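# Fold and contact review
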Amino acid sequence: MKETIESLRFRITKRFGTKTVLRDFALEVRGRQFITFLGPSGCGKSTALNIIAGLIPATDGEVWIDGERIDHLPPEKRGFGMVFQNYALFPHMTVFGNIAFGLQLQRRPAAEIAERVRQMLDLVQLPGFEGRYPGQLSGGQQQRIAIARALVLHPRLLLLDEPLSNLDAKLRIEMRAEIKRLHTNLGLTSIYVTHDQVEALSLSDWVVVMRDGLLIQAGTPQEIHDQPVNVFVADFMGFRNFFQTQVVALGPDRDVEAAGNGMKIRGKTRHTFVPGASVVAAIRPDDVVIGGDAGGPNAFRGTVDIVEYLGREDEAIVTLEAGGRLWVRTAARLAPGENVTVVLPPDRVIFLPSEGSGGTA
Amino acid sequence: MRRSQTGEPSELDLMAIACLLPSLLYVLVMFVYPFLYGIYLSLRPLKVDGFSLANYIAFFTDQYQYKTVGITFRLAIPNTVVVVAFSLLLAYNMRRGIWLERTITTILVLPISLGVILLGQGILGFYGGKGWFNQMLLGLGLLEDSLVLTHNFTGVMLSLFMQQFPFCFLMLLGYISGIDPSIENSARTLGAGPWTVFQKVMLPLIAPGLAIAFALIFVMSFATFPSAILLGQPLGATRTIAIAAYAQAFEMFDMPYASAIAVIMGLFQMAALVVIVLLRRRMVMAATMGVGKR
């Protein structure tokens, strides 16, 4: 079996006409990792993946694998596997023909091809499907075949371009676990493109958050989840509540006290601020506590506005007396019109640079 | 959309039938009736009372007449192959769009808008013995004698090519650019070079469209008339079957015999269509098992 890569390093700029899709998008990662490019549509993540695959030429930049520069190689010479959003199976070939395609091009003996195809079908849990045509398979089955087709060649790098976004919610979770299992068991290096933060967090060793062709933040899922560098990443990671404030005081241990819109908020930051700086306080809906000490820090009065039943929890919008709205997720049952005290636990509140103020980590 | 498998007419089917009615009526009045009348006429020879196959027998026993079938095939088949091959080459290479695509497409498609006669006259002027084309090659010293490109087989081929190429090209471009590019991309990542991709993946997917293009161009070529007269030798090398029918009708004033020739022409076209459609069905079955239109 061909070994997976030890390292991947690239720096890419891509322009389509006057539009810059990727701006010096650069990364250096070790092999045997699951790397995710995460961002909203149009952020350039798929373009980056296609450039790494060799399917689109970069306007400028280089791609290195294990100390070898590969960006001049055509896609068929790179030895990567790729899985596409719409499966991209060959409709005129059977499942066997699809999976065997790459092996046949390598002129492997027929017995070896048959054996390896059979092993792959076992691996993706579709044994005996050799004779079917793609049109006779469900979306999930087609994507399993597409994965098998890529993996049968033992690619040194596996590229996945939103492979789950055409599947329904239940199947998506199932296939997510499947991809993780294959990645781990086969010791692969994978790059996965998605706009779904749950997929990114659950699958990845390393997440790269992108916007407008720029790398915004790269880190482990924990880092991205707990310490987003700015409002964009925080918003993407489920911080739904943002309050525009000014720094009042800075304490030890990264404590911040800030005020704005008649609210005094305490929290933490990993940024360096000066008193008076414009900052944004952010907290996730499920970190907000309902009830508690009305006189304590970060406690505010408000009225429950809308309640959505989510089964185990309720999600509600609370209109604060100080003005502004707060998304809350709680196991406590709330009723619209109810007056409540909400507490934003100071260790759960993070302060981020105000958009446009140019703060960095 | 997949067709309903139940066989019961749905609301959509009724709608489709309603939309079909005007064209159905048109076809009945303007095609089916004259066609059937032609067949009837062909069976009532001038010299015989009542019904007779005399006209058909006359055609196939007169070398001057039945030769036209061979001439027409010799013209139609190479022309169809050339038109479809060039269209495929260009359309395939333009499938992902190219620089100045719209301008290039417009220029390529322009001949359609000119009509056969104008185009024919243009070819006569440009490619004729005293035309620019020959004058230019002679002037550059590339030729010692003028090339004879008109009033022969070549002239008809040139004219047919210019009329049919834009049509065939547009049809294939639509077909090929409709194929999901990620199919081709996945073949590339699996180790296939551009030629292998064409051969093993794209060509089988294009084949059904290619068959339709081939059928249409062939039928058009087989019925060629103005080109064969204007740019060929209508009394000799390019006396196509359509010319034979015309001559019987408007030179010999033997409408029944002319009808018989027209019917024979139609039968040959239909036979060719049946062969191509049968071949296509086999290809489509292989190409799109269980997806899309059959």
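Rules of the game
Residues numbered from 1 in each chain as written. Chains lettered and ligands numbered in written order. Predicted model: local features only at pLDDT ≥ 70, side-chain atom pairs only at ≥ 80, totals over all residues. Helix = DSSP H or I, 4+ residues; strand = E, 2+ residues; numbered from the N terminus. Buried ≥ 20, exposed ≤ 12 C-beta atoms within 10 Å, placed from the backbone. Contact = placed C-beta atoms within 7 Å. Nonpolar A, V, L, I, M, F, W, Y, C, P; charged D, E, K, R; others polar. Pairing = 2+ DSSP bridges. Axes fitted to C-alpha atoms, helices over the stretch in contact; angles between N-to-C directions. Core = buried A, V, L, I, M, F, W, Y, C linked by C-beta atoms within 7 Å. Domains from an automatic or database assignment. pLDDT = per-residue confidence, 0-100. Parallel < 35°, antiparallel > 145°, perpendicular 65-115°, else oblique. Left-handed = near helix turned anticlockwise from the far one by under 90°.

## A short note on the overall build of chain A
Counting its secondary structure elements, chain A contains eight helices and 20 strands. Residues counted as buried form 41% of the 361 residues belonging to chain A. Of all intrachain contacts in chain A linking residues separated by at least 6 positions in sequence, the fraction that spans at least 24 positions is 65%.

## Concerning the interface of chain B and chain A
The partner chain A presents 22 residues to the 21 residues of chain B that form the contact. Of all the secondary structure elements, the ones that give two or more residues to the side of chain B that touches chain A are α8 (181-189), α9 (194-222) and α12 (255-287) of chain B. Taken together, the residues of the side of chain B that touches chain A break down into ten nonpolar, nine polar and two charged.

## Considering the sheet that holds strand β10 (residues 214-219) of chain A
All names here are of chain A. In spatial order, the strands read β6-β7-β8-β3-β9-β10; together these six strands make up an open sheet with mixed pairing. Two strands in the sheet have a free side with no partner beyond their single neighbour: β6 (80-83) and β10. On average, adjacent strands in this sheet sit at an angle of 15 degrees to one another, irrespective of strand direction. With five bridges joining them, strand β9 (residues 206-211) and β10 adopt antiparallel strand pairing.

## As for the sheet that holds strand β19 (residues 339-343) of chain A
Residue and element names in this part refer to chain A. Pairing within the open sheet is antiparallel, and its five strands lie in the order β15-β19-β16-β17-β18. Edge positions in the sheet fall to β15 (289-290) and β18 (325-330), since each of these pairs with one other strand and no more. In this sheet, strand β17 (residues 314-320) lies alongside strand β16 (residues 299-309) in antiparallel orientation, the contact comprising seven bridges. The residue bridging T303 from the neighbouring strand is T319, located in β17.

## Considerations on the pairing of strand β2 (residues 19-30) of chain A
In regular strands, side chains alternate between the two faces of the sheet. Residues and elements named next belong to chain A. Relative to β2, strand β1 (residues 7-16) is paired through nine bridges, and the arrangement is antiparallel. Opposite S7, over in β2, you have R30 as the bridge partner. Connecting the antiparallel pair β1 and β2 is a turn made up of two residues, with G17 showing a positive phi of about 65 degrees.

## Describing the nonpolar core
Soluble globular proteins tend to pack their nonpolar side chains together in the buried interior. Residues I52, A146, A148, L159, A281 and V342 of chain A together with I261 of chain B are the most contacted members of the largest nonpolar core, which totals 149 residues. When residues in this core are grouped by element, the largest group, eleven residues, is from helix α7 (residues 153-177) of chain B. In terms of domain composition, this core takes at least three residues from each of domain 1 (7-231) and domain 2 (242-353) of chain A. If near-sequence neighbours (up to four positions away) are discounted, I52 of chain A is found in contact with F10, V63, L159 and I191 of chain A.

## Some words on the pairing of strand β11 (residues 241-250) of chain A
All names here are of chain A. Of the strand pairs in this sheet, β11 and strand β14 (residues 278-283) are connected by six bridges, and their pairing is antiparallel. The residue bridging Q244 from the neighbouring strand is V280, located in β14. Linking two consecutive strands that pair antiparallel, namely β11 and strand β12 (residues 255-260), is a turn of four residues; a positive phi of about 60 degrees is found at D253 within it.

## Considering the confidence of the model for chain A
Across chain A, pLDDT averages 92, with 98% of residues at or above 70. Contacts of residues 357-361 of chain A to residues separated by more than four positions or lying in other chains number six contacts, the stretch itself having pLDDT below 50.

## Focus: the environment of L158 of chain A
All names here are of chain A. In this fold, L158 is placed in strand β7 (residues 157-161). For the pair L158 and R254, spaced 96 residues apart in the sequence, the C-alpha separation amounts to 40 Å. With residues up to four places along the chain from it excluded, the contact list for L158 reads G81, A150, L188, T189 and S190.

## Let's talk about the confidence of the model for chain B
Overall, the prediction assigns chain B a mean pLDDT of 89, with 93% of residues at 70 or greater. For this predicted complex, the interface score ipTM comes out at 0.86, alongside a pTM of 0.85.

## Examining the environment of F222 of chain B
With respect to the element layout, F222 of chain B can be found in helix α9. C-alpha of F222 of chain B to C-alpha of P78 of chain B: the two residues are 144 residues apart in sequence and 11 Å apart in space.

## Quick word on the packing of helix α3 (residues 63-93) of chain B against α9 of chain B
All names here are of chain B. Contact pair α3 / α9: the axes reach a minimum separation of 9 Å and the direction vectors enclose 140 degrees. For the element pair α3 / α9, the angle class is oblique. Where α3 crosses over α9, the handedness of that crossing is right-handed. The segment α3 lies against α9, with T72, L75, A76, N79, T80, V83, V84, S87 and L88 engaging L210, A213, F214, I217, F218, S221 and F222. Each residue belonging to the contact of α3 with α9 can be placed in one class, and the counts come to eleven nonpolar, five polar and no charged.

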